[in-house]
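# Per-entry structural report
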Amino acid sequence: MPAYGTTDEDQGVRKPPERRRLRVVIAVALLTIGTARFLPLLAGQVLITSLTPLCDQWHVNMPFAFLLAEALREGRLPVWTDRIGGGYPLLALGEAGVLYPPHLLLYRLLPPVTAYNVNVILAVLTAAACQYWLCRDLGRSRAASLLGGLAYAWSGFFVLHVATLHSAQAAAWIPLLLLCVRRGVRAATPASWIGAGVVLAIQITTGYPQIVYYSALAAAFLAIWELGWGEDRGAPGGPAGKVVNGVGGALVVLAVALGLSAAHWLPGVELTRQSGRSGGISFERATEFSFPPANLLTFVAPYVHGNPATGGEMGFSERGHFWDNGYVGLIPLFLALYAAAYGLRRKGPIRFFVFLLLFSLLIVLGRHTPFFRVVWHVLPGMSYFRFPSRFMVIACLSLALLAAYGLDQLRARLLAAPGRDSRRRWAVLAGMLFAISFVDLWIYAARFHRFADAAAWLTPPKSARFLQTVASPSARYYAFGYAGVQLEATRRARGWKGDLGPYLEQKEVLAPNTGAFYGLSCFNFFGGLDTRRGTATYALLCDDRNTLGRTSTILESFPRTLALLGVTHVVTPYLLAIPGLREEMAVKTGNSKQPVRVYAVEDARPQIWIPDQARSVAGGREAFRTLLEARWSAIEGAPEFRNFSGEVLAWEAGPDWARARIRMRGTGVVIHNQRHYPGWRVLLDGEPAPLLRANYLMQGVAVPEGEHTLEFRFDSPSFRAGATISLLSMALLAAGCILTRLRGKR
């Protein structure tokens, strides 16, 4: 019987040169899988996998990459940024992946576009390598393991989800997590459990908690399976010892993972509590974009319902929601089915991966079966996530693993056949199957991916260049009506495999977060989490996240509200004939009937200012109504301010701080137009002062008569606590490794 983690091909004694050649071949093959599809990224190109309105690639991942790169080059972490959303805790937003180890290195050393492109390649390469190692640990041959790595790294999940790069980065580590957990259960060694904790910590820092949760769920299922039905390797203490090892191992994994990543997840938990997801979401919202049963055909024909890259459905219906596709190639699919049919009659891991595949498919179907409702109610944590179809990553993983089993079953039959050249026939067959799968998956990805010149794509549009010339230190624009322009560009271009001109033109609307490409500050925000007050404010301002491009009626107070919130310009395709807005430029875009206009907001307040009128309000609802009318400033939890005035003598500000000299006549209030959020502190003449809520979303401070200095600074207590825990965890882990090595040398 083969030794643990080996196959029959490894039992013979190989000469060192032959082993070295095999390792080189495997390394080259894995490197080819990781880089072959993305070589243009190393030559000044950018990858385009979606240009639909508010796609994560261009409105989340890449803008945040630019903000991260800018901060790291300045020698700081972007715990807070003043460039989006009226101020935002960027590190707390997982999608930024601020503490993901490759990000900290690459965005510090390379230009942001180059670093982003390298991260795309690293995600695919990591997925292929980790899947290969898992297949080898399961006893698969090298050829079968390579096929498993290819089928997973080039599966539908990765082909489509490199647009949401942080999800692909999290998914890339799943096989290695399963490998460590399997070894921990079987070998009962602390090192394997600690390794699983380290891998899970890395996954957490990618910033995609949904994939992290799904992978942890798969790892828990594998541990339970190995404890109950796995091969007994004589664990100390018998069945009770196995249970103790499993429970103890799970605690070690959680302690290591949560300890190492505390600097990431503690600020994230704080942000979640401020958001609308603090208590989970409804079942109806959780099952949005469930995978329709008719879409199961995409496992065989991925574009059977159309290809959005060439003008198919754009993703706003379940049938057209193309982000979750389980295609792993026809040959790997048939090999997986062959392995399932053959292996279900025998004991072994095949049964588990068939179970995991069926469980995944039932989850991705969401509301189309009663199974998801049961799981949603029973499993803790499921109620925090939308899009059950994202569980497709586990389905792709299972199919790729089963394909490796299927290829080895073919190998066993071929080698058992009489004849001297059976090994040669096997080598030829394995090579052919791998090559056909490689070409099949290449064509599948090529029909969806598009590469474009990065310099042309990221050149500032005319509206951005105009704002760059007129921007003051406190300038902040608001993008209004951008989704309609983006939808029109999508309709005109019919996907992104043809003429990209309409997409280049629609950049003029400066959609949320995209101002980061050009050094501009945008009041809009687009991301996975926002505070409840931020969401309500954007709804008040008819942000396109709420209207999805539909024509909306704005209020007469619209300019006054923007002015109170420190918005200096509005970028919109609409003609806004409203008092308080002054048109400054217009840009014609292609066949669009309406040019994109840039309006100046009259009487826009600077970052630090003193209101003419301020009223004390009891709470958030009254403050929101006051913001709706926008005739005076509402201050929450403060005494009435009467008969005061003042002036800001001087002020300066950075991404997470501001200082000012103030002269007050009478006791009044000073407003700092940064979002009110836990961690902001204010010093009045060097002494701590109460930080108030002003104008529903912003900060304020009561200032007595006379001349004073004010200093606002963001110092997140959750990040400080998390960083302390992470550093202590790393120190303890390093000390444990050193002690283990010292003991081993004795």
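Computed from a predicted model, the values in this text were never measured in an experiment. Residue numbers restart at each chain and count upward from 1, following the sequence in its written direction. Local features in this predicted model are restricted to residues of pLDDT 70 or higher, and side-chain atom pairs are both shown and tallied only at a pLDDT of 80 or more, whereas totals for entire chains, interfaces and linings draw on every residue. Note: side-chain values were computed over all heavy atoms of the structure, leaving out hydrogens and water.

Quick look at the overall build of the chain now. Only DSSP runs of H or I reaching four residues or more are called helices, and only runs of E reaching two or more are called strands; each is numbered from the N terminus. A count of helical and extended segments in the chain gives 27 helices and 17 strands. With C-alpha atoms as the basis for the radius of gyration, the globule rule is written as 2.2 Å multiplied by the number of residues raised to the power 0.38. The C-alpha radius of gyration of the chain comes to 28 Å, within 12% of the 27 Å expected for a compact globule of 746 residues. Taking the principal axes of its C-alpha atoms as reference, the chain extends roughly 100 × 65 × 50 Å. Burial analysis of the chain (746 residues in total) assigns 58% to the buried set. Residue contacts are defined here by distance: any two heavy atoms, one from each residue, within 4.5 Å place the two residues in contact. When contacts within the chain are restricted to residue pairs at least 6 apart in sequence, those whose partners lie at least 24 apart make up 75%. With the model as given, the accessible surface of the chain reaches about 30,200 Å², and the carbon-plus-sulfur share is 61%. For each residue, the accessible area found with a 1.4 Å probe, counting protein chains only, is set against the maximum for its type, and the residue is called buried under 20%, exposed over 50%, and partly exposed in between. For every accessible area listed, the method is Shrake-Rupley and the probe measures 1.4 Å; residues are considered covered only by the protein chains on display.

Moving on: the packing of aromatic side chains. Two aromatic rings from Phe, Tyr or Trp, using only the six-membered ring of Trp, form a pair when their centres are within 6.5 Å; if the ring planes differ by under 30 degrees the pair is stacked, by over 60 it is edge-to-face, and anything between is tilted. Taken as a whole and assessed by the stated rule, the structure comprises 43 aromatic pairs. Both rings, one in Trp80 and one in Phe714, keep their centres 4.8 Å apart while their planes meet at 45 degrees; by these two values the pair is tilted. Taken together, the residues Trp80 in the loop between helix H2 (56–73) and helix H3 (101–109) and Phe714 in strand S17 (residues 706–714) connect sequence positions 634 residues apart. With a relative accessible area of 8%, Phe714 lands in the buried category. On the basis of an interplanar angle of 70 degrees and a centroid distance of 5.8 Å, the ring pair of Phe221 and Phe355 is categorised as edge-to-face. You can see Phe221 sitting in helix H10 (residues 209–229) and its partner Phe355 sitting in helix H15 (residues 349–364), a full 134 residues away along the chain. Of the residues examined, Phe355 reaches a relative accessible area of 35% and is grouped as partly exposed.

We treat two strands as partners when DSSP finds at least two bridges between them. Strand order in this open sheet of six strands is S7-S12-S16-S15-S9-S8, and the pairing throughout is mixed. Unpaired on one side and paired on the other, strand S7 (608–609) and strand S8 (614–617) mark the two borders of the sheet. When strand S15 (residues 692–694) meets strand S16 (residues 698–703), the two strands line up antiparallel, connected through three bridges. Following the sheet pairing, Ala694 is matched in S16 by Met698. For helices, the axis comes from a line fit to the C-alpha atoms of the stretch in contact; other axes are also lines fit to C-alpha atoms, and the angle between any two N-to-C directions lies between 0 and 180 degrees. Across the sheet, helix H26 (residues 620–629) is in contact with S8 and strand S9 (633–636); its angle to S9 comes to roughly 170 degrees.

Attention shifts here to the pattern of salt bridges. In what follows, salt bridge is the name for a side-chain nitrogen of Lys or Arg lying within 4 Å of a carboxyl oxygen of Asp or Glu. Tallied over the full model, the rule gives 24 salt bridges. Here Arg186 makes a salt bridge to Glu226, at a shortest N to O gap of 3.0 Å. Here the residue Arg186 occupies a position in helix H8 (residues 174–187), and Glu226 occupies one in helix H10, the gap between them amounting to 40 residues. The same class applies to Arg186 and to Glu226, which are both buried. Here Glu711 ties to Arg713 by a salt bridge, and the two come within 2.9 Å at their closest N and O atoms. On the accessibility criterion, Glu711 (21% relative accessible area) is partly exposed.

Helices are assigned an expected span. That span is 1.5 Å times one less than the residue count. Here helix H4 (residues 112–137) spans 37 Å end to end across 26 residues, near enough to the 38 Å set by a 1.5 Å rise per residue. Downstream of H4 by one or two residues, Gly139 has phi in the positive range, about 90 degrees.

To continue, consider the side chain of His708. Relative to the assigned elements, His708 resides in strand S17. Here the side chain of His708 touches Pro704 through a polar contact of 3.0 Å, landing on its backbone oxygen. Here Glu705 takes part through its backbone oxygen, which lies 3.1 Å from a polar atom of the side chain of His708. Each residue touching His708, except ones within four places of it in the same chain, is listed here: Ala660, Arg661, Ile662, Leu684, Asp685 and Val703. We call two N or O atoms a polar contact when they sit within 3.5 Å, provided that within protein one can donate a hydrogen and the other can accept it, with sequence-adjacent residues counted only if both atoms are side-chain atoms.

This part covers the confidence of the model for the chain. The pLDDT averaged across the chain works out to 86; a share of 92% of its residues lies at or above 70. The pLDDT value tells you how sure the predictor is about a given residue, anywhere from 0 up to 100. Of the regions scoring below 50 in pLDDT, residues 1–13 engages in 25 contacts with residues more than four places distant in sequence or in other chains. In this model residues 314–320 is a low-confidence stretch, pLDDT under 50, and it forms 26 contacts with partners more than four residues away in sequence or in other chains.

Time to look at the packing of helix H1 (residues 16–35) against helix H5 (residues 142–153). Axis separation between H1 and H5 bottoms out at 10 Å; the angle between their running directions is 15 degrees. The pairing of H1 with H5 is recorded here as roughly parallel in orientation. Between H1 and H5 lies a crossing whose hand is right-handed. Contact residues: H1 offers Leu22, Ile26, Ala29, Leu30 and Ile33, while H5 offers Arg142, Leu146, Leu150 and Ala153. Gly is placed with the polar residues, together with every amino acid not listed as nonpolar (Ala, Val, Leu, Ile, Met, Phe, Trp, Tyr, Cys and Pro) or charged (Asp, Glu, Lys and Arg). Residues of the contact of H1 with H5, tallied by class, amount to eight nonpolar, no polar and one charged. Between 65 and 115 degrees an angle is taken as roughly perpendicular, under 35 as roughly parallel, over 145 as roughly antiparallel, and anywhere else as oblique. Each crossing gets its hand from how the near helix is turned against the far one by less than a right angle, where anticlockwise is left-handed and clockwise is right-handed.

This brings us to the environment of Gly527. Tracing the sequence through the fold places Gly527 in the loop between helix H22 (501–506) and helix H23 (532–540). Between the C-alpha atom of Gly527 and that of Phe385, which follows or precedes it by 142 residues, the distance is 14 Å.

Right, let's get into the sheet that holds S17. Read from one edge of the open sheet, five strands run S10-S11-S17-S13-S14, paired in antiparallel fashion. Two strands in the sheet have a free side with no partner beyond their single neighbour: strand S10 (645–654) and strand S14 (687–689). Across the sheet, the mean angle separating the axes of adjacent strands is 30 degrees when strand polarity is ignored. Here nine bridges tie S10 to strand S11 (residues 657–665), and the two strands are oriented antiparallel to one another. Paired with Val648 across the strands is Ile662, a residue of S11.

On the surface, a cluster of nonpolar side chains totalling about 360 Å² of accessible area is made up of Val300, Leu330, Phe334 and Leu337. Here Phe334 lies in helix H14 (residues 330–343). Residues qualify for a patch when their relative accessible area is over 30% and they have no salt bridge, like charges being joined within 9 Å and the nonpolar side chains of Val, Leu, Ile, Met, Phe, Trp and Tyr within 5 Å.

Turning to the pairing of strand S4 (residues 569–572), a few remarks are in order. A two-sided burial pattern is seen for S4, the buried positions comprising His569 and Val571 on one face and Val570 and Thr572 on the other. With three bridges connecting them, strand S3 (residues 477–479) and S4 associate as parallel partners. Within S4, the residue paired with Ala479 across the bridge is Val571. Relative to strand S6 (residues 596–601), S4 runs antiparallel, the two being bridged by four bridges. Of the residues in S6, the one forming a bridge with Val571 is Val598.

Next up on the list: H14. For H14, with 14 residues, the first-to-last C-alpha span of 20 Å sits near the 20 Å given by 1.5 Å per residue. Looking only at H14, the buried set comprises Ile331, Pro332, Leu333, Leu335, Ala336, Ala339, Ala340, Tyr342 and Gly343. Where H14 is buried, its residues contact H5, H15, helix H17 (392–416) and helix H18 (422–446).

Before going further, it helps to examine the environment of Thr369. Within the fold, Thr369 resides in the loop between H15 and helix H16 (370–378). Owing to a relative accessible area of 18%, Thr369 belongs among the buried residues under this scheme. In sequence terms Thr369 and Pro292 are 77 residues apart; their C-alpha atoms lie 10.0 Å from each other.

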